[in-house]
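Listed here are the chains, written in short residue letters.
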Amino acid sequence: MSYNKLSKSLSFLLVLGLVFSACTDLEVDEVESVVTESETGEFSGDAGALLQTAYNQLGALTNQANTYSLLVHTSDEMIPPTRGTDWGDNGVWRLLHSHSWDPTHQYVLDSWNELNSRVFTTNQVLASTSPAPNPQQTAEAKFLRAFYMWHVMDLYGQVPFREVDEGVDVDPRVLTRAEAFDFIVKDLEEALPDLPVAGPSATNDQASQAAANALLSRLYLNRGVYTATVNEQGALAPTFDQADMAKVIEHADAVIADGYTLEENYYNNFSINAQSELILVNAEGAGNAENRYFMTLHYDHNPSGWNGFATLADFYAKFEDGDVRKGIAASPDGSDFSGIGRGFLVGQQFDDNGDPITNSRNNLPLAYEANSALIGADTDDGYRAIKYHPEDKGRYVQLRYGDVHLMKAEALLRNGQTGEALTMVNELRVVRGASPLASLDEASMLDERGRELYWEGIRRVDQIRFGTFTDTWAEKTVTDPFRIVYPIPQQAIDSNPNLVQNPGY
Amino acid sequence: MRIFTQLAYVMLVASAVLWSGAALAQEKTVSGTVTSDAEGALPGVNVLVKGTSSGTVTDLDGNYRLTLPEGNSTLVFSSIGYANQEVEVGDQTTIDIVMVEDVQALSEVVVIGYGTQEARDATGAVASVKAEDFNGGVIASPEQLIQGKAAGVQITQSSGEPGAGINIRIRGTSSVRSGNNPLFVVDGVPLAGDDVSGGGADTGFGTSSARNPLNFINPSDIASIDVLKDASATAIYGSRGANGVVIITTKTGKAGESKLNYSANVGVSNITKKYDLLNADEFVDAYAQVNGLSAGDAALQNLDQGADTDWQDQIFRTAISQNHNLSYSGGNDNGQYRLSLGYTDQEGIVERSSLRRLTARFNGSSSFINDRLKVTTQVTISDIRDSFAPISDNAGATGDLLGMALKLNPTYPVRNPDGTPFQRSVTEASPVAFLELGQDNANTVRALGNITFDFAITDDLSFKTILGGDRSASTRKAAYSGDLLVQGIEGQGRAAFDDVSAINTLMENYFTYNRDLSSNIRMEAVLGYSYQRFQRETNFVQAAGFRTTDIDVMLNNLAAVDLTTGNGAIAGNSTFRVDELQSFFGRVNFDISDKYLLTATLRADGSTRFGENNRYGIFPAFAGAWRLSDEAFVPDGLTDLKLRAGYGVTGNQEIPSNLFTDRQRYQDESLDVSPTGVNINNGALSNVAFPNPDLQWESTTQINVGVDWGILNNRLRGSVDYYRKNTNDLLFQVFSAQPAPQEFFWENLDADVINEGVEVTLNANIADSEAFAWDVSANAAYNDNRVENFEGLINTGDIDGQGLSGAFAQRIADGQPLFAYFLRPFGGFDDAGQSIYPQGDVQQFVGRAPLPRWNLGLTNNFYAGNFDLSVFFAGQLGQYVYNNTQNAFFTAGALAGGNNVTQDVVGNGESRGNAPEVSTRFLEDASFVRLQNFTLGYNFNTDGIEFLSSLRLYLTGQNLFVITNYSGQDPEVNINKAIDDIPSFGIDYTAFPQARTFLLGLNVSF
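So, here is what we can say about the structure in this document. Computed from a predicted structure; not experimentally measured. (Residues numbered from 1 in each chain as written. Chains lettered and ligands numbered in written order. Predicted model: local features only at pLDDT ≥ 70, side-chain atom pairs only at ≥ 80, totals over all residues.)

## A few points about unusual backbone geometry
Then, in step 1: The peptide bond linking Ser-130 of chain A to Pro-131 of chain A adopts the cis configuration, its omega dihedral lying at -5°.
Then, in step 2: A positive phi is found at Asp-371 of chain B, a non-glycine position, where the angle reads about 65°.
Then, in step 3: Mapped onto the fold, Asp-371 of chain B is located in the loop between β21 (354-368) and β22 (373-387).
Then, in step 4: Residue classification places Asp-371 of chain B among the partly exposed residues on the basis of 18 C-beta atoms within 10 Å.
Then, in step 5: Here the phi dihedral of Asn-713 of chain B falls at roughly 55°; this positive angle occurs in a residue that is not glycine.
Then, in step 6: Considering the arrangement of structural elements, one finds Asn-713 of chain B in the loop between β35 (698-711) and β36 (716-728).
Then, in step 7: We classify Asn-713 of chain B as partly exposed; it has 15 C-beta atoms within 10 Å. (Helix = DSSP H or I, 4+ residues; strand = E, 2+ residues; numbered from the N terminus. Buried ≥ 20, exposed ≤ 12 C-beta atoms within 10 Å, placed from the backbone.)

Listed below in structure tokens is the structure:
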């Protein structure tokens, strides 16, 4: 029996050994991702790589939905018609145009997430330690933070802020619109000295002093809007402080000093041939400007588009003949995409060989009509706009001199220097092939901005500043004054108790 | 199965005999032969001296010889499938026994985690389906074998595609994300939950469905499938047990029985129901009518291209399937083996879709060291070749193959005069061109194997080590030629390459201790350790802008991409994940007086999926059963009556790997493809996860109360179970409070998902004579599902199609069932043909859900002479399906735009300008009853043929008819319409259609 006992004990020990030798500490090496937590739990990112990310994330703004849709469909320059079954999209577009969005609107939510997460990326650049950002990288990150945060402040009127080391359980603090304004200006002013000086280029995809100055001009021009309290009645008409307007002019002059001038050929701004206006464009691989023509071109063009957005007849009526911004007819020569004009596409459309296009949806000649209903529209309703052209589309433009030029003119106008303002406006009009204006007032200033900058994403900001955002226009009858800011998305309110819903929603 | 368990008993008893030590008392010897009327000599029958552990088993010829202590002893003869017999020895020295078959196999064995149990001793809710009860027909993967056969187990194929993904819901749906499938355990090796085939990459028209992870197992190798349903049964699998556990046991050789078996079948499948589309003339008339055109209008001349094409006929086919299996097995008391080869070639009823599989399996076992050590090996190798039709889950305006076939103008010809497919424009893509100008194939090789050492340390104590491995490698290649007129492919050509490789290794060690503590208390205990490691690697490459339109070159010569800037591009990404699971587990069963049964289970699981603060979870369970029929006060008419009750906590850890460390990765690159060029969207370095050290498993608390009963000597028997499952600490993607590195992060949400229900099974042996026998088995399960204490609102159920971007149909909210429909109530059309929404143009809960209330199964088996007939009905009641297909394709607006529609759209009162928003207009009652399987078999009398042991021919019809009000192709459908990884349920969108199959089969044994 003792032999048996021995063998049993041995087996038992063997078995126990097997059991315990097998134990693991459950630590698995990360080999497919970079752990950005230091030993002590602090954030330890790579500033250079993350800065690339922050630039890359500008790509989101090329999408026709989300942030871009909040910027353009709610203004009087664009309508997103539901064409039969097309573009119904659960009403998401119509709610924007008719000013009837609410806190559950998909793009109100998506834009919030999109913009704020980009702010966070720039925070990560600034907090990186391996390696830490150099002074220029810090400046670029601050510029980008200001750029993204400006969108948040402008659209939503409140700006949440999370430090890099604050985990999921921390509710981000919230900056008021006025606090956010100061935060953004401070970022830009701190960034300025360390940013590189860069003159105009078709590939200006890095923050420069001109970019910071252009953005500062925009901020000071709208300061009256951003510091006014918004309640259910909207806000008091913005005031335009002399000192703020002087700042607009000062920063615009700084842009000019870096060599930016009006482009001889307007459409070159949106092409690979751009020369003198482009201050900031998206990097290669960061989004694609092609969405801007796909979103409007009819299915039967070459290239086949998505037959979506159109301009409003009243907006088109603001252009005079001869103004190149109104449009240049196509010159079809058989080469790819030569059938497509530039500017507004109106009436019968032709293919690359100059033959009339047949609309495959109604089997009739494809001719764009001026008016478009918001729902029940036909496939050829509404004039289309082509700034980026399939033949030679350039990088997606974020900031360009044409805007700066008009901002300076507006600041002069608002500071009573009407003559100088008129000179600047006419300088631009002549280059664009339009007749000089005899006089300049707020209304004609807004119209000129519309003609110069249509579909570039700034119309809503302009209309709010000029007080016309709560007017009515085609298929838009709602005049709720509180809609000058969007609601905080319901899911954001649910996830951060520091956020308070904007008045009226 | 029977033999497998007998062998285990043989081992146990043999070792008991060998190690019981020498008996010194006076002895006498008894011998005899055990037989049965049906089988003659019975090997492997246990012969035990009552009240002791000494005994023996019968040899191959049914003979036994046993030495008894002097005095009056009683021998107990037992064998699975036969009634026990007790004989007082008295003065006898020869005792021959004729065993009587226990027709109602109440003493059948169920496989539970880390062991087996007799069903009569079970305390938990376990459904066991044996090979003879499996579904027949064209069966691509194992779970189809038990579809409808086990109460409370809902099995939904996502479509009719060969090898399509599956949804198995045991006792309802309890998680609000993917990972609702049960844990699969094959011969003791738990499988990883992931799909091991190359995923459906987006080549421009949406992503395709996941594949079935069980495709690699040849269904004909399976001996039994056991489904552990309640927590007391699944707690032994701890953090993976919450969705139930499906244990697959493969066939083994039998001692003393050399067998060569060949089975084959050939099946013919056709689509059950096509959509009732307009023909060319009807289409032109309807188009004129909806657009207010008069005959001869120029628009009509342009529309009508003169042909009359049924595009559905162009893509559907009569599919032929064949299946061959060859196996041989044998062995003796010391070792058994079984080797099988299988070949399956299953065509899908959509052109170009097929699944071909070669499998080889070896199961063997051998005993050493005086039978104290038993070594068992099970190995499967499979080679699966899939060919896919271009059908996706979420095609947009262009549609996928099915969408194209449904909507394309029927006046278009199929081909141009030169034989190439007729393609008019990118918005009117031709399904025929889509089939011919593309290819999409996958090849998956998978090997699953294990070796088990079972060592009897003493009579009572044994130790088992299992080493298991599961290795798979899959490659999927898809290419679409630039000749194809489809947006995103046109002029450029597009290809995608996916590689997935997975390695899952297992080491388990456990002790089993069986002992009679006293004359009436028996204890069985299991105590063990388990370590499992899951490694998964993927590589993904997509390309666009090819210098060739030759598909073969595109697939096999990637450098054909034009890499000049803007003209073409190659983009991709790769991943590598490792997860580990380390567990300690134990279980104790007490059997007191054969009447009171108690089970306690505990498992501690440590998982790398969770944050450092919560690495380990503890999962306890308790259960008891009371065999009332053994009590004196219960009338004898009740053959069997057992009450069961159980309680337990189980977990779920099916979330992506490492979601708790702050880490960053370069995101997938994507391609913008248009005729104007190809551009790469650079993948930026982005956060993958937040620091989240508290992340832990989801836990499910379940109570189960059941009763098993049998009367008339168990000719009528059944069971009833009530359960209530409460899942909380839901693993959930919640919205991050911005600014944040990610839109979502994973959290354990403090909300409850409750599944409550009743399961009833009934088995009746209505007639049982030589000439005629009739068995009926029925099961029904009722489940009620709801979400409680949930503060958020989550949208899911993505609805796709032209003009439906961003639309959704389901919302998860407090007080609602999971995936409750959130729609506009539809009130018909107004005079102008616009939709009326009486309760406003806003989405709201409409009191409908996609989860069935009732799951039903009814099987009738008839035996008459050499004939047998099996008829199986399955049904689901109370569920609603959202018909996204109809929403996207069958509206007046679609017709007005020149797309074909179903007959009912014509004159439905809808205006051409009406936008068909997501509403109850497209929600349909999808209750159904289906004649799932009908098999008529004939067993030839082989008595006179010495070399032949059995020969069977059978004819099977699958899915012969469906009774339903659902207007779509088939009511049993579930396309993946997840939004932000929150799954959906019950949405139909151009699903691969279901087939009706007739199959002729042969089974011969030598």
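## A short note on the interface of chain A and chain B
Then, in step 1: Listed as interface residues are 78 residues of chain A and, on the opposing side, 77 residues of chain B.
Then, in step 2: Secondary structure elements with two or more residues in the side of chain A that touches chain B: α1 (2-21), β1 (34-35), α2 (47-56), α5 (106-127), β2 (158-161) and α17 (490-495) of chain A.
Then, in step 3: For the side of chain A that touches chain B, the element with the most residues is α5 of chain A, which contributes 7 residues.
Then, in step 4: The residue makeup of the side of chain A that touches chain B, split by class, is 31 nonpolar, 35 polar and 12 charged.
Then, in step 5: Relative to strand β31 (residues 663-666) of chain B, β1 of chain A runs antiparallel, the two being bridged by 2 bridges. From the neighbouring strand, Val-35 of chain A faces β31 of chain B, where its bridge partner is Arg-663 of chain B. (Contact = placed C-beta atoms within 7 Å. Nonpolar A, V, L, I, M, F, W, Y, C, P; charged D, E, K, R; others polar. Pairing = 2+ DSSP bridges.)

## Focus: helix α13 (residues 401-414) of chain A
All names here are of chain A.
Then, in step 1: The terminal C-alpha atoms of α13, which comprises 14 residues, lie 20 Å apart, in line with the 20 Å expected from a rise of 1.5 Å per residue.
Then, in step 2: With 14 of its 14 residues buried, α13 lies for the most part within the structure.
Then, in step 3: Phi for Gly-416, located one or two positions after α13, is positive at around 85°. (Expected span 1.5 Å × (residues − 1).)

## Thoughts on the nonpolar core
Then, in step 1: Phe-143, Met-149, Ala-211, Leu-215 and Ile-279 of chain A are the most contacted members of the largest nonpolar core, which has 134 residues in total.
Then, in step 2: A total of 12 residues in this core trace back to one element, the largest contributor, which is helix α6 (residues 135-156) of chain A.
Then, in step 3: Those residues in contact with Met-149 of chain A, other than ones at most four positions away along the chain, are Val-119, Val-159, Ala-180 and Ile-184 of chain A.
Then, in step 4: The next biggest cluster of nonpolar side chains, apart from the first, holds 118 residues, and it includes Leu-485, Ile-799, Leu-851 and Ala-926 of chain B. (Core = buried A, V, L, I, M, F, W, Y, C linked by C-beta atoms within 7 Å.)

## Here we look at the packing of helix α7 (residues 177-191) of chain A against helix α8 (residues 209-221) of chain A
Residues and elements named next belong to chain A.
Then, in step 1: Between α7 and α8, whose axes approach to 10 Å, the crossing angle comes to 155°. With respect to their mutual orientation, α7 and α8 come out roughly antiparallel. Crossing of α7 over α8 shows left-handed handedness. Contact with α7, carried on its side by Phe-181, Ile-184, Val-185, Leu-188 and Ala-191, involves Ala-212, Leu-215, Leu-216 and Leu-219 of α8 and no other residues of that element.
Then, in step 2: Here the contact of α7 with α8 is built from residues that sort into 9 nonpolar, no polar and no charged. (Axes fitted to C-alpha atoms, helices over the stretch in contact; angles between N-to-C directions. Parallel < 35°, antiparallel > 145°, perpendicular 65-115°, else oblique. Left-handed = near helix turned anticlockwise from the far one by under 90°.)

## Considering helix α10 (residues 242-257) of chain A
Residue and element names in this part refer to chain A.
Then, in step 1: With 16 residues, α10 extends 22 Å between its outermost C-alpha atoms, agreeing within 8% with the 22 Å of an ideal straight helix rising 1.5 Å per residue.
Then, in step 2: Here α10 has its buried residues at Asp-244, Met-245, Val-248, Ile-249, His-251, Ala-252, Ala-254 and Val-255.
Then, in step 3: On its buried side, α10 packs onto α8, α9 (223-227), β4 (278-281) and α13.
Then, in step 4: Count one or two residues on from α10 and you reach Gly-259, which has phi positive near 100°.

## Points about the environment of Arg-615 of chain B
Then, in step 1: Tracing the sequence through the fold places Arg-615 of chain B in the loop between β28 (596-607) and β29 (616-627).
Then, in step 2: Taking the C-alpha atoms as reference points, Arg-615 of chain B and Asp-694 of chain B, separated by 79 residues in sequence, lie 8.8 Å from one another.
Then, in step 3: For Arg-615 of chain B, the residues in contact, after removing those within four places along its chain, are Leu-26 of chain A together with Gly-606, Ser-607 and Phe-610 of chain B.

## Here we look at the sheet that holds strand β6 (residues 342-345) of chain A
Residue and element names in this part refer to chain A.
Then, in step 1: The 3 strands lie next to each other as β5-β6-β11, forming an open sheet whose pairing is antiparallel. Two strands lie at the open edges of the sheet, namely β5 (327-328) and β11 (384-386), each paired on one side alone.
Then, in step 2: Relative to β11, β6 runs antiparallel, the two being bridged by 3 bridges. By the bridge assignment, Gly-343 is partnered in β11 with Ile-386.

## Details of the sheet that holds strand β16 (residues 222-228) of chain B
All names here are of chain B.
Then, in step 1: Reading across the sheet, the 5 strands line up as β11-β16-β17-β14-β15 and stay open at both edges, with mixed pairing between neighbours. Edge positions in the open sheet fall to β11 (126-130) and β15 (189-190), since each of these has one partner strand only.
Then, in step 2: Summarising the sheet, β16 and strand β17 (residues 245-250) pair through 6 bridges and their orientation is antiparallel. Paired with Val-227 across the bridge in β17 is Val-246.

All quantities given are derived from atomic positions and should not be read as evidence of function.
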